[in-house]
There are 2 protein chains.
Amino acid sequence: MSSAISAVERFSRYQSDDAQSEGSAHCPVRDVLDRIGDKWSILMIMTLATRPQRFSELHRAVRGISKRMLTQTLRDLERDGLITRHVFPTKPPSVEYGLSALGQSLLEPMAALIDWADHRYSDIHDARARFDSAPCDAARHETDVHRSAMNIATSRKAATRRARQ
Amino acid sequence: MSSAISAVERFSRYQSDDAQSEGSAHCPVRDVLDRIGDKWSILMIMTLATRPQRFSELHRAVRGISKRMLTQTLRDLERDGLITRHVFPTKPPSVEYGLSALGQSLLEPMAALIDWADHRYSDIHDARARFDSAPCDAARHETDVHRSAMNIATSRKAATRRARQ
DNA sequence: ACTTTATGGTCTACAATTTAGACTATGTCT
DNA sequence: AGACATAGTCTAAATTGTAGACCATAAAGT
């Protein structure tokens, strides 16, 4: 736990540095997080972790991704040195993607996250159900200011769409 | 390292289960990852890790987020039981957000990721520079099929915009 | 011989998400 | 009175992402 605290402190130091300089001096942590926190990157890395795969294989494996995003995600990960790209001069040329050493090294911390997701999933699931079936804004609105429908609605839209597929 | 391997295996099992059932039976891991992997959630949790904060404080702390996204992210995290929301009936009512126990528990695995980002940042940075100044598609194109500008361009657009702020 | 299939992408049109910023209501400070 | 702060919400505009047609080539199926 002490390590968690120190990481938080380190992060918060970066954050405030960032806030002061206003410029492009940015938190390496945020920089990296922005990259791997973009919906497809983690999925991609985890998928490539089992074995190197080709473009079309990946397209089939990571369901829901468009070719465009697949291309872009792969390109970005390659740029950051997390994955490698190998072109085989077969007749319809085939391209194999795989994790680089750097990419491999990301697996360890990623595993911690996966474990957490796996262990705590039921808690999250329960919390979600509780929230959704709540007597609603009872607690939310002591002060009844202008109430309205709000089309944010806990982005259940997105959740639904995700489930629909 | 063995733990990393087992996590990868667990993930890949979920993935293939998912591929078969076609339906909405989804990988808890992906479900959770989709939530915390959405650009603002991790930032939010890390920011709240230092201390509970109010809406406007968060808006100032997490630079670049719009109020709309702030509201939505907070709502989603609350729904998932990761953060708590407390309304104080002061006259312009103030609302304080903080990490729940579940949210706290996420700090540990998150710290592993932060550490990784911190240690490997220079590697990534170097890889990026190398890639950007590369003799380009030398290795990329043995087979010179239809070449074109491609407006994906490693999404340097986004990178630039991010830096510009 | 002709059609289908597969390869790795790219491109376009459209759909979804996200941002910027105006606006709300009420109370304190100047 | 006017400015500022509180927590959001709403709208319009910009950005991002998806679906799917398309490219050239070759092998396999019929």
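Residues numbered from 1 in each chain as written. Chains lettered and ligands numbered in written order. Predicted model: local features only at pLDDT ≥ 70, side-chain atom pairs only at ≥ 80, totals over all residues. Heavy atoms only, no water.

(A) Geometry of helix H2 (residues 28–36) of chain B. Counted residue by residue, H2 of chain B has nine buried out of nine residues, so it is predominantly covered. Those residues of H2 of chain B that sit buried are Pro 28, Val 29, Arg 30, Asp 31, Val 32, Leu 33, Asp 34, Arg 35 and Ile 36 of chain B. (Buried < 20%, exposed > 50% of the residue type's maximum accessible area, 1.4 Å probe, protein only. Helix = DSSP H or I, 4+ residues; strand = E, 2+ residues; numbered from the N terminus.)

(B) Local environment of the UniProt feature "domain: HTH hxlR-type" (unreviewed entry) in chain A. Per the UniProt annotation, the sites labelled "domain: HTH hxlR-type" (unreviewed entry) are residues 27–125 of chain A. Along residues 27–125 of chain A, the helical share is 65% and the strand share 14%, with 32 Å between the first and last C-alpha atoms. (UniProt positions renumbered as here; feature names shortened; annotations may be inferred.)

(C) Highlighting the packing of helix H5 (residues 67–79) of chain A against helix H6 (residues 101–132) of chain B. Taken N-terminus to C-terminus, the directions of H5 of chain A and H6 of chain B make an angle of 110°; their axes are 8 Å apart at the nearest point. In this view, H5 of chain A runs roughly perpendicular relative to H6 of chain B, as classed from their interaxial angle. Side by side, H5 of chain A and H6 of chain B meet where Arg 75, Glu 78 and Arg 79 of chain A of the first sit next to Ala 127, Arg 128, Phe 131 and Asp 132 of chain B of the second. The residue makeup of the contact of H5 of chain A with H6 of chain B, split by class, is two nonpolar, no polar and five charged. (Axes fitted to C-alpha atoms, helices over the stretch in contact; angles between N-to-C directions. Parallel < 35°, antiparallel > 145°, perpendicular 65-115°, else oblique. Contact = heavy atoms within 4.5 Å. Nonpolar A, V, L, I, M, F, W, Y, C, P; charged D, E, K, R; others polar.)

(D) Geometry of the pairing of strand E3 (residues 94–99) of chain A. Residues and elements named next belong to chain A. Taken across its six residues, E3 has five buried, putting it largely inside the fold. Across two bridges, the pairing between strand E1 (residues 53–54) and E3 is antiparallel. Along E3, the bridge assignment pairs Arg 54 with Glu 96. Connecting strand E2 (residues 83–88) to the next strand, E3, in antiparallel fashion are five residues. (Pairing = 2+ DSSP bridges.)

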